[in-house]
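So you can see what is in the structure, the chains are spelled out below.
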Amino acid sequence: DVKVTQSSRYLVKRTGEKVFLECVQDMDHENMFWYRQDPGLGLRLIYFSYDVKMKEKGDIPEGYSVSREKKERFSLILESASTNQTSMYLCASSLDPMNTEAFFGQGTRLTVV
Amino acid sequence: AQSVAQPEDQVNVAEGNPLTVKCTYSVSGNPYLFWYVQYPNRGLQFLLKYITGDNLVKGSYGFEAEFNKSQTSFHLKKPSALVSDSALYFCAVREPLMDSNYQLIWGAGTKLIIKP
């Protein structure tokens, strides 16, 4: 059974804190993605990576960075958390560059106070 | 740029009735279209995709989607709704990135409520 695991389901952080969201997949997928999900806006791509140590900006990268030191792990970093980063964060992976089917983690609901 | 629109924020259907969740798209070239479902407190799950071929695509959990090129639509359908189908449904279209990679462009989502 394929699996994408996000390290936390719920997080509460203070404004200005550095926040790490971790994602691990066990499917040997090349491509990994971080999305942000907000009501009425669907999913918006923050960053993606199609190889180890490779990263590319998505549609809303401001205030975020990522790290992919190993193929199975893709981390999202909020350098200095702000209240407007309160959201649901979804990690996904896919096997091929076509991204024809993505597998998602269960999501991390982050609240910044 | 590619885009998809889901015109309904919410769809209410009685159990046992047919359901339709609407999606329209705007693309340059041939569309690659997807439906995903998100059950409460869970991540998204792939339902089905259209790449080429038959306009009627069958997917998981008894769902199907009809691709209509002239109307630029890709509506999700099920002949008989179950209460357990209640969830958030997303339509998505593939958009090319650099180096032969792609990303998915997502609709805003439609909340489907099936009433007993």
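Here is what the cut-offs are and how they apply
Residues numbered from 1 in each chain as written. Chains lettered and ligands numbered in written order. Predicted model: local features only at pLDDT ≥ 70, side-chain atom pairs only at ≥ 80, totals over all residues. Heavy atoms only, no water. Buried < 20%, exposed > 50% of the residue type's maximum accessible area, 1.4 Å probe, protein only. Helix = DSSP H or I, 4+ residues; strand = E, 2+ residues; numbered from the N terminus. Pairing = 2+ DSSP bridges. Phe/Tyr/Trp six-rings, centres within 6.5 Å; stacked < 30°, edge-to-face > 60°. Contact = heavy atoms within 4.5 Å. Buried area = accessible area lost by both parts, 1.4 Å probe. Salt bridge = Lys/Arg side-chain N within 4 Å of Asp/Glu carboxyl O. Polar contact = N/O pair within 3.5 Å; in protein donor to acceptor, adjacent residues only side chain to side chain. Nonpolar A, V, L, I, M, F, W, Y, C, P; charged D, E, K, R; others polar.

A few points about the pairing of strand β10 (residues 87-96) of chain B
Residue and element names in this part refer to chain B.
- Of all ten residues that make up β10, eight are buried, and the element is covered over most of its length.
- Pairing of strand β5 (residues 33-38) with β10 involves six bridges; the strand directions are antiparallel. Bridge pairing in β10 places Tyr36 opposite Phe90.
- In this sheet, strand β12 (residues 110-115) lies alongside β10 in antiparallel orientation, the contact comprising three bridges. Residue pairing for β12: Leu88 is matched across the bridge by Lys111.
- Note that β10 and strand β11 (residues 102-106) share five bridges and pair antiparallel. From the neighbouring strand, Glu95 faces β11, where its bridge partner is Gln103.

Some thoughts on the packing of aromatic side chains
All names here are of chain A.
- If you walk through the whole model with that rule in mind, you get 16 aromatic pairs over all chains.
- Aromatic pair Phe33 and Phe48: ring centres 6.3 Å apart, planes at 25 degrees, arrangement stacked. Placement of the pair is Phe33 in strand β5 (residues 31-38) and Phe48 in strand β6 (residues 42-49), with a sequence separation of 15 residues.
- Given the relative accessible area of 2%, Phe33 is considered buried.
- Overall, the relative accessible area of 3% leaves Phe48 in the buried class.

Let's talk about the interface of chain A and chain B
- The interface is formed by 25 residues belonging to chain A together with 25 residues belonging to chain B.
- Around 2000 Å² of area is buried between chain A and chain B when both sides are counted, 54% of it from carbon and sulfur atoms.
- Across the chain A-chain B interface, the total number found is zero salt bridges.
- At the junction of chain A and chain B, the tally comes to two residue pairs in polar contact (both at pLDDT 80 or more).
- Of all the secondary structure elements, the ones that give two or more residues to the side of chain A that touches chain B are β5 and β6 of chain A.
- Among the residues making up the side of chain A that touches chain B, the classes are represented as 13 nonpolar, eight polar and four charged.

Side note on the pattern of salt bridges
All names here are of chain A.
- The full count for this structure, using the stated rule, is ten salt bridges over all chains.
- Residue Lys71 is joined to Asp28 by a salt bridge in which the shortest nitrogen-to-oxygen separation is 3.0 Å. On the criterion of sequence distance, the pair formed by Lys71 in the loop between β8 (64-70) and β9 (73-78) and Asp28 in the loop between β4 (23-25) and β5 is long-range, its members being 43 residues apart.
- What you see here is one network of salt bridges that share partners, running through Asp28, Glu30 and Lys71.

Here we look at unusual backbone geometry
- In this structure, Lys53 of chain A takes a positive phi of about 65 degrees despite not being glycine.
- With respect to the helices and strands, the residue Lys53 of chain A is situated in the loop between β6 and β7 (56-57).
- Take Lys53 of chain A: its relative accessible area is 56%, and that puts it in the exposed class.
- The phi dihedral of Tyr61 of chain B is positive, around 60 degrees, even though this residue is not glycine.
- Its place among the elements puts Tyr61 of chain B in the loop between β7 (56-58) and β8 (64-68).

Looking at the side chain of Ser93 of chain A
All names here are of chain A.
- You can see Ser93 is positioned in strand β10 (residues 87-94).
- Here the side chain of Ser93 touches His29 through a polar contact of 2.8 Å, side chain to side chain.
- When neighbours within four sequence positions are excluded, Ser93 is seen to be in contact with Val4, Gln25, Met27, His29, Asn31, Met32, Phe33, Glu101, Ala102 and Phe103.

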